[in-house]
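# Summary of the model geometry
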Amino acid sequence: MNLFKRARHQARPETTQAEVFFEALQKTHALAWIDHRGRITRVNDEFTRVLGYSKEQATGLHHDDLMITGGMQMPDETEPEFDADGLISGVVPRKTASGEHVWLDASYIDLAAADQEDARFVLMFVDVTQSELDHQKQLGQLAAISKDQAKIIYDLDGKVVEVNERFLSLTGFHLDDVLENHHRMFLDNTSPQGQDFAEFWKGVTRDGHSGVIEHRKKNGNKLWLQCSYSSVFDAS
């Protein structure tokens with residue numbers, strides 16, 4: 001590819017791979033060096049762009065000044081919470097210089113083994129505010145739907161793993177009645193789905209399903225529900 005050929009021609013022999021990597025990292029990630037008291041000793045340009053502080057304003061600033069109640073706390077040197085690789089990471093809320101709230105995909109790196117006289121930790125982050133707000137909006141929409149519509153989640157074998165209050169109130173079952181039990185318990189044996197459940201469930205897991213289905217309430221009464229079955233896939 002031309003991109004890689006061009007990169008070879010532009011390589012600087014006097015620059016080590018580590019230096020090239022760090023230079024690229026500085027352009028894409030905000031960095032702050034923090035001493036053992038929690039005070040910032042230096043920051044890079046991306047830090048000033050995302051949080052709105054000048055380098056002079058940021059230097060000497062305490063990490064707590066960036067905090068929003070409920071966010072990830074500054075690692076305590078006396079009670080370390082780092083993993084085996086000396087790392088804590090997660091999406092956290094923080095405040096900008098103007099007081100606005102932002103969401104950061106942040107990592108705290110323990111420098112205990114490094115030769116860094118002015119720093120005990122490095123805070124590295126990227127701004128993910130928009131994607132986090134979009135995610136929260138989707139969760140809010142799902143919560144609103146869950147209040148108005150009955151919802152039940154099955155595993156691939158048809159066993160109940162989650163059910164909302166709306167479904168329970170419609171059918172008269174309690175949570176303990178249905179968890180880990182099979183979808184068949186809701187279907188009338190005389191219904192088309194109940195009579196040939198195996199074939200019905202095979203179609204649901206393969207293609208989904210939508211339509212009016214006859215159900216059975218806890219007291220045995222029949223209940224017709226407009227149902228929509230959709231498969232949910234995880235990230236893998």
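Procedures and definitions
- Residues numbered from 1 in each chain as written.
- Predicted model: local features only at pLDDT ≥ 70, side-chain atom pairs only at ≥ 80, totals over all residues.
- Heavy atoms only, no water.
- Helix = DSSP H or I, 4+ residues; strand = E, 2+ residues; numbered from the N terminus.
- Contact = heavy atoms within 4.5 Å.
- Areas by Shrake-Rupley, 256 points an atom, 1.4 Å probe, with all protein chains shown as cover.
- Phe/Tyr/Trp six-rings, centres within 6.5 Å; stacked < 30°, edge-to-face > 60°.
- Buried < 20%, exposed > 50% of the residue type's maximum accessible area, 1.4 Å probe, protein only.
- Pairing = 2+ DSSP bridges.
- Axes fitted to C-alpha atoms, helices over the stretch in contact; angles between N-to-C directions.
- pLDDT = per-residue confidence, 0-100.
- Arc of directions from axis to C-beta.
- Salt bridge = Lys/Arg side-chain N within 4 Å of Asp/Glu carboxyl O.
- Core = buried A, V, L, I, M, F, W, Y, C linked by side-chain atoms within 4.5 Å.

Turning our eyes to something else, we now look at the overall build of the protein. Within the protein, the regular secondary structure consists of nine helices and nine strands. Of the contacts made within the protein by residues no fewer than 6 positions apart, 39% connect residues no fewer than 24 positions apart. As presented, the protein carries roughly 15500 Å² of accessible surface, and 51% of it is formed by carbon and sulfur atoms.

On to the packing of aromatic side chains, then. Within this structure, the stated rule accounts for seven aromatic pairs. Measuring from ring centre to ring centre gives 5.7 Å for F200 and Y229, while their planes differ by 80°; the resulting arrangement is edge-to-face. With F200 in helix α9 (residues 197-207) and Y229 in strand β9 (residues 222-229), the pair connects residues that are 29 residues apart, well separated along the chain. Relative accessible area serves as the criterion here: at 11%, F200 is assigned to the buried category. For Y229, a relative accessible area of 12% gives the class buried.

Looking now at the sheet that holds strand β2 (residues 40-43). One open sheet accounts for five strands, arranged β2-β1-β5-β4-β3; its pairing is antiparallel. A strand with exactly one partner marks an edge of an open sheet, and here the two such strands are β2 and β3 (87-95). Within the sheet, the average angular offset between the axes of one strand and its neighbour, ignoring direction, is 30°. As paired elements, strand β4 (residues 101-110) and strand β5 (residues 121-127) share seven bridges and run antiparallel to each other. Bridging across to β5, I109 finds its partner in V122. On top of the sheet, helix α2 (residues 17-28) reaches β1 (30-34) and β5; it is set at about 105° to β1, its chief contact.

Per-residue confidence for the protein averages 81 on the pLDDT scale, and 79% of its residues sit at or above 70. Segment residues 1-9: pLDDT under 50, and zero contacts once partners within four positions in sequence are set aside and those in other chains are kept. Here residues 76-80 is modelled with pLDDT under 50, and outside its nearest four sequence neighbours on either side it reaches two contacts, counting other chains as well.

Looking now at α9. Those residues of α9 that sit buried are F197, F200, W201, G203 and V204. Viewed end-on, α9 has its buried residues packed into an arc of 155°, placing them on one side of the element. Residues of α9 that are exposed and angled more than 90 degrees away from the buried face: A198, R206 and D207. Positive phi shows up at G208, right after α9, with a value of about 80°.

Now for the pattern of salt bridges. Across all of its chains, the model carries seven salt bridges by this definition. A salt bridge links K55 to D45, with the nearest nitrogen and oxygen atoms 2.9 Å apart. In this pair, K55 is assigned in helix α4 (residues 55-58) and D45 in helix α3 (residues 45-51), connecting sequence segments ten residues apart. On the basis of relative accessible area, K55 is assigned to the partly exposed category, the value being 36%. Put simply, R49 and E46 hold a salt bridge, and the shortest N to O gap is 2.6 Å. Separated by three residues within a single helix, R49 and E46 lie in helix α3, roughly one turn from each other.

What follows deals with the nonpolar core. Membership of the largest hydrophobic core comes to 21 residues, with the highest contact counts inside it found for I40, F47, L51, Y53, L66, L123 and F125. Contributing elements (two or more residues each) for this core: β1, β2, α3, β3, β4 and β5. Tallying contributions element by element places β4 first for this core, with four residues. Dropping the residues within four chain positions of it, I40 is found in contact with A32, W33, I34, F47, A58, T59, G60, L61 and L66. Judged by nonpolar contacts, the second largest core, of 20 residues, contains V163, F167, F200 and Y229.

As a further point, take the pairing of strand β8 (residues 209-216). Direction of pairing for β8 relative to β9: antiparallel, over a ladder of eight bridges. Its bridge partner lying in β9, S210 is registered against S228. The hairpin turn running from β8 into β9, its antiparallel successor, is five residues long, and G220 in that turn takes a positive phi close to 95°.

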